[in-house]
Amino acid sequence: VNVGFFWYLVPNALVAWAASGWGLAVSAWVPAAHGPFIVSLIVFVVCGLLGNPMNLAQFLSIPALEVGVSLISITRWSIPMSFLMQVDLTDPKYPEGSAEDTSLGYYEYALKTGTWEDKYGYWWTGIVALLIYGYLLRVITYLGLVFRNRDKQV
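Residues numbered from 1 in each chain as written. Predicted model: local features only at pLDDT ≥ 70, side-chain atom pairs only at ≥ 80, totals over all residues. Heavy atoms only, no water.

Some words on the overall build of the protein chain
Here is step 1 of the chain: Counting secondary structure elements, the protein chain contains seven helices and zero strands.
Here is step 2 of the chain: In the protein chain, the order of α-helices and β-strands from amino to carboxyl end is α-α-α-α-α-α-α.
Here is step 3 of the chain: The C-alpha extent of the protein chain, read off along each of the three principal axes, is 65 × 35 × 30 Å.
Here is step 4 of the chain: Looking at the protein chain as a whole, 37% of its 154 residues qualify as buried.
Here is step 5 of the chain: Put simply, of all contacts in the protein chain between residues at least 6 apart along the chain, 74% involve residues at least 24 apart.
Here is step 6 of the chain: Between the averaged position of the 8 positive side-chain charges in the protein chain and that of its 10 negative side-chain charges there is a distance of 19 Å. (Helix = DSSP H or I, 4+ residues; strand = E, 2+ residues; numbered from the N terminus. Buried < 20%, exposed > 50% of the residue type's maximum accessible area, 1.4 Å probe, protein only. Contact = heavy atoms within 4.5 Å. Lys, Arg positive; Asp, Glu negative; His and termini not counted. Charge placed at Lys NZ, Arg CZ, Asp CG, Glu CD.)

This is how it looks when you write it as structure tokens:
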């Protein structure tokens, strides 16, 4: 089954929007020498650790952790957009009890756990969440430029 390029472009563009917001925000608040290292750590934790489907099920099943992960993890929103869309459009079938069937079931469960996307679905909730996420990071960037660099303003 052929899945159109657009369906992958949107989540990846939103990841770029949100992740670049971290780069902008950190560069506005910390010295330039430390910025790249700090952003690398932030993006590793926010995307790699918190948004990993192997960890996501345990985070999203506890309400307090669901709030934290949903507010700070970029891939908590982008992975369901890509993976669940692929599953919905292709409807993969594997032999019952096979490793592939077990993995697919686990990943679907992990990515559908949580309550934040129940009303509008994983696609639209992910779009809205990532747009807001990137926007808020840009507001933080603006505040950093205004308040941290007052002596450099003309």
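Describing the packing of helix α3 (residues 53–60) against helix α4 (residues 63–72)
Here is step 1 of the chain: Where α3 contacts α4, the two axes come as close as 7 Å, and the packing angle between them is 130°. If you check the angle between α3 and α4, you find them oblique. Taken together, the residues of α4 that come into contact with α3 (itself represented by Leu56, Gln58, Phe59 and Leu60) are Leu65, Glu66, Val69 and Ser70.
Here is step 2 of the chain: Counted by class, the contact of α3 with α4 contains five nonpolar, two polar and one charged residues. (Axes fitted to C-alpha atoms, helices over the stretch in contact; angles between N-to-C directions. Parallel < 35°, antiparallel > 145°, perpendicular 65-115°, else oblique. Nonpolar A, V, L, I, M, F, W, Y, C, P; charged D, E, K, R; others polar.)

As for the nonpolar core
Here is step 1 of the chain: Ranked by internal contacts, the top residues of the largest apolar core, which has 28 residues, are Trp22, Ile74, Met81, Leu130 and Tyr133.
Here is step 2 of the chain: At the level of secondary structure, the elements contributing two or more residues to this core comprise α1 (6–29), α2 (35–49), α3, α5 (75–90) and α7 (121–147).
Here is step 3 of the chain: It is α7 that contributes the most residues to this core, seven residues altogether. (Core = buried A, V, L, I, M, F, W, Y, C linked by side-chain atoms within 4.5 Å.)

Things to note about the packing of α1 against α7
Here is step 1 of the chain: For the pair α1 and α7, the least separation of the axes is 8 Å and the interaxial angle reads 20°. With respect to their mutual orientation, α1 and α7 come out roughly parallel. Where α1 crosses over α7, the handedness of that crossing is left-handed.
Here is step 2 of the chain: Taken together, the residues of the contact of α1 with α7 sort by class into 21 nonpolar, six polar and one charged. (Left-handed = near helix turned anticlockwise from the far one by under 90°.)

Remarks on the packing of aromatic side chains
To describe a pair of aromatic rings, you give the distance between the ring centres and the angle between the ring planes.
Here is step 1 of the chain: Per the stated rule, a full pass over the model turns up three aromatic pairs.
Here is step 2 of the chain: Taking 5.2 Å as the distance between ring centres and 65° as the angle between the ring planes, the aromatic pair formed by Trp7 and Trp123 counts as edge-to-face. Pair noted here: Trp7 is in helix α1 and Trp123 is in helix α7, with a separation of 116 residues, a long-range link.
Here is step 3 of the chain: Look at Trp7 and you get partly exposed, because its relative accessible area is 34%.
Here is step 4 of the chain: Given the relative accessible area of 11%, Trp123 is considered buried.
Here is step 5 of the chain: Clustering of aromatic rings is evident, with ring pairs tying together Phe6, Trp7 and Trp123.
Here is step 6 of the chain: If you follow Arg76 out to its NZ or CZ, it ends over the ring of Trp77, 3.9 Å from the centre.
Here is step 7 of the chain: Positioned over the ring face of Trp17 is Arg138, at 3.7 Å from the centre of the ring. (Phe/Tyr/Trp six-rings, centres within 6.5 Å; stacked < 30°, edge-to-face > 60°. Lys NZ or Arg CZ within 6 Å of the ring centre and 35° of its normal.)

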